[in-house]
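Remarks on the overall topology
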Amino acid sequence: MKCQYCEKPATFHITELTEPTGPQVMHLCEEHARGFLQKEASSPAASIAGALAKQLNLGQTKQELAELDQKECPVCGISFFEFRNTGRLGCPYDYTHFSSDLIPLLTSIHDAVEHTGKRPCRAAAADSQAQMIQLRREMEEAVEKEDYERASEIRDQLQIIEQSGGSDETQQEDQA
Amino acid sequence: MIRDPDFSELAQRSGEWLRGTGPESDIVISSRIRLARNLADFPFIRRCSDEDRISIERSVRAKMDSLEDWKDIRYIDIEQLSEIDRQFLVERQLISREIADADGSRAVAVDPREQYSVMINEEDHLRIQVMCSGLDLKAAWERVDELDDKLEGSILYAFHPQFGYLTACPTNVGTGLRVSVMLHLPGLVITRQIEKVFRSMQRINVTVRGLYGEGSQYTGDFYQVSNQITLGHREEDLVSLVGEDVVPRIIEYERKARDFLIKQGKQDLHDDVSRALGILSTAKKISSEETMHYLSKVRMGVNLGLIDDLPVGTINKLFIHTQPAHLQKLQGRLLGSSDRNVERATYLQRHLSGSCGDADLN
């Protein structure tokens, strides 16, 4: 038997048991099997695609979808279209910027939208996180232009925000 | 010549998680918990510039260097490694295939017993992982939680009050926690009950994957059970879902299957296991798949008392040490596929020659 993806003999026969359509048998050569297993182990992009497809079938018109696809994060610049294609977000602020678009997806994947586990003792508010990412980019640009004075000003600013990271709502909740 | 000769020393040893001594270690190879974390002041990896990646790597490294009780860690710059050294770390389960194949600045910190590994610049900025031998998820959780607390002392994590720890992929958001238990289930495979057992697991938010399969679709004997969801449950609840609700049930089914096999035809089983050991200890050329196939039988034979004088830790070690990069590291030179098959047979012979599989049948 040949590998499903190339001409080499299929020496690995993998039965995927978690497919919603029932067990799926794959016949692969050693190289493709290794790639498949290791990719599967670390990348849940397939489940994202599935969940997104489910979400997007529910009541959104073509026009709404097209508009959503063009929506971009002001911090990292990623579009919803790009996220849909790769299954990966661009920066922490995406969870704030795309919040209402992500909630149906999170419900579909986790059957929940609220974190109930561990909380860090220090955490910056979403806005400060976004500000830090933007400042860091400005700092890199300043270094590139050899404007070291400006770069050092930004570095100080960043340090102040980072140090005040403990003063956000998470800690306030803890202290309350 | 292979670069970084230090790994040849590492290749002689094996990680703590392979020693085969933890709870239920006749069936459970290892328990692993990983936490996905990101720094608050950088974009996620895909949107990082090269400079960002370098800054993340340097800053995390500096922070890890300053941790107490973490002085003897080995910090490995993956970008500088040769392909074979990356493959070696993948085979050892210290790094993922994804980080091995990625570009740019990336690293892993590993403790000498290989219980802890922290990948930097994987899909998330940090992947903190703890591995234990056997079914020991509570210990794994306590350790990974403690290390996470220590890192959090000096690293500001990306966190959202509603969504929890923020990750590049929404399938990891919330706790960022993935519990994985690696199981050896030859009994369920031979009795053809494996699919039935796993189908019954599907409804309860766990993922089951066959890890290796050889010969026919029924001979893949290694399976990994993981939690599917990460948001909306406490970490302890996700750990106990896998460790207390799911895995013990699978273990019970596997034991029943093994009992059944013994009752049904101990002599046949003993014959099968002994032939497997015979091939492994006398073959002159053997492929990696064939090795895995027979080692799986021998492992079950040892656990059923059909083979004497062969510790299960040795077999666990052979599963890893007979893989391509390990063989080449042990030899200290690059080998083609055909040479590897010869070298693999020699290696197996050396480690199995004392075991003849003649445990008393009575």
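Calculation notes
Residues numbered from 1 in each chain as written. Chains lettered and ligands numbered in written order. Predicted model: local features only at pLDDT ≥ 70, side-chain atom pairs only at ≥ 80, totals over all residues. Helix = DSSP H or I, 4+ residues; strand = E, 2+ residues; numbered from the N terminus. Rg over C-alpha atoms; globule rule 2.2 N^0.38 Å. Buried ≥ 20, exposed ≤ 12 C-beta atoms within 10 Å, placed from the backbone. Contact = placed C-beta atoms within 7 Å. Domains from an automatic or database assignment. Nonpolar A, V, L, I, M, F, W, Y, C, P; charged D, E, K, R; others polar. Expected span 1.5 Å × (residues − 1). Arc of directions from axis to C-beta. Axes fitted to C-alpha atoms, helices over the stretch in contact; angles between N-to-C directions. Pairing = 2+ DSSP bridges. pLDDT = per-residue confidence, 0-100.

**Observations regarding the overall build of chain B**
Along its length, chain B carries twelve helices and ten strands. In terms of overall size, chain B behaves like a compact globule, its C-alpha atoms giving a radius of gyration of 21 Å where 362 residues would be expected to give roughly 21 Å. Overall, the C-alpha framework of chain B stretches about 65 × 50 × 35 Å when taken along its three principal axes. The burial tally for chain B puts 56% of its 362 residues in the buried class. Long-range pairs, those at least 24 residues apart, make up 71% of the contacts in chain B between residues at least 6 apart in sequence.

**A word on the domain arrangement of chain A**
All names here are of chain A. In terms of domain boundaries, chain A breaks down into domain 1 (12-58), domain 2 (62-110) and domain 3 (121-175). At the interface, five residues of domain 2 touch five residues of domain 3. The residue makeup of the side of domain 2 that touches domain 3, split by class, is four nonpolar, one polar and no charged.

**Some thoughts on helix H6 (residues 99-110) of chain A**
Residue and element names in this part refer to chain A. The terminal C-alpha atoms of H6, which comprises twelve residues, lie 15 Å apart, in line with the 16 Å expected from a rise of 1.5 Å per residue. Along H6, the positions that sit buried rather than exposed are Leu 102, Leu 105, Leu 106, Ile 109 and His 110. Along H6, the residues classed as buried sweep out an arc of 110° about the axis, all on the same side. At the exit of H6 stands Asp 111, carrying a positive phi of roughly 60°.

**Let's talk about the packing of helix H8 (residues 235-282) of chain B against helix H12 (residues 337-352) of chain B**
Helix-helix packing: each pair is described by the crossing angle between the helix axes and the interaxial distance. Residues and elements named next belong to chain B. Interhelical geometry of H8 versus H12 gives an angle of 120° and a closest axis separation of 6 Å. Where H8 abuts H12, its residues Leu 277, Leu 280, Ser 281 and Thr 282 lie against Leu 348, Gln 349 and Leu 352. Each residue belonging to the contact of H8 with H12 can be placed in one class, and the counts come to four nonpolar, three polar and no charged.

**A short note on the pairing of strand E1 (residues 28-37) of chain B**
Residue and element names in this part refer to chain B. A large share of E1 lies buried, amounting to ten of its ten residues. By the bridge criterion, seven bridges tie E1 to strand E8 (residues 177-184) in an arrangement that is antiparallel. The residue of E8 that forms the bridge with Arg 34 is Arg 178.

**Considerations on the pairing of strand E10 (residues 222-227) of chain B**
All names here are of chain B. With respect to burial, E10 is a largely interior element, five of its six residues being buried. Bridge analysis of E8 against E10 gives five bridges, and the strand direction is antiparallel. Each residue of the ladder has a partner; that of His 184, found in E10, is Phe 222.

**Description of the confidence of the model for chain A**
Residues and elements named next belong to chain A. Chain-level statistics for chain A give a pLDDT mean of 77 and a share of 69% at 70 or above. Counted against residues more than four places away or in other chains, residues 40-44, with its pLDDT under 50, gives eight contacts. A low-confidence stretch, residues 166-176 stays under pLDDT 50, and its non-local contacts, those more than four residues away or across chains, total 14 contacts.

**Things to note about the environment of B:Ile29**
Residue and element names in this part refer to chain B. With respect to the element layout, Ile 29 can be found in strand E1. Considered as a pair, Ile 29 and Leu 18 are eleven residues apart in the sequence and their alpha carbons are 7.0 Å apart. When near neighbours in sequence (up to four residues on either side) are disregarded, Ile 29 contacts Met 182, Leu 183, His 184 and Asn 316.

**So, helix H2 (residues 50-65) of chain B**
All names here are of chain B. Along its 16 residues, H2 runs 22 Å from first to last C-alpha, staying within 8% of the 22 Å computed at 1.5 Å per residue. Those residues of H2 that sit buried are Asp 52, Arg 53, Ile 56, Glu 57, Val 60 and Met 64. Across the axial projection of H2, the buried residues extend over an arc of 130°, all falling on one side. In H2, the exposed positions angled more than 90 degrees off the buried face are occupied by Asp 50, Ala 62 and Asp 65. Packed against the buried residues of H2 are strand E3 (107-110), strand E4 (116-120) and strand E5 (126-133).

**Remarks on the environment of B:Ala102**
Residues and elements named next belong to chain B. Its place among the elements puts Ala 102 in the loop between helix H4 (97-101) and E3. C-beta crowding within 10 Å serves as the criterion here: with 18 such atoms nearby, Ala 102 is assigned to the partly exposed category. As a C-alpha pair, Ala 102 and Arg 249 span 147 residues in sequence and 38 Å in three-dimensional space.

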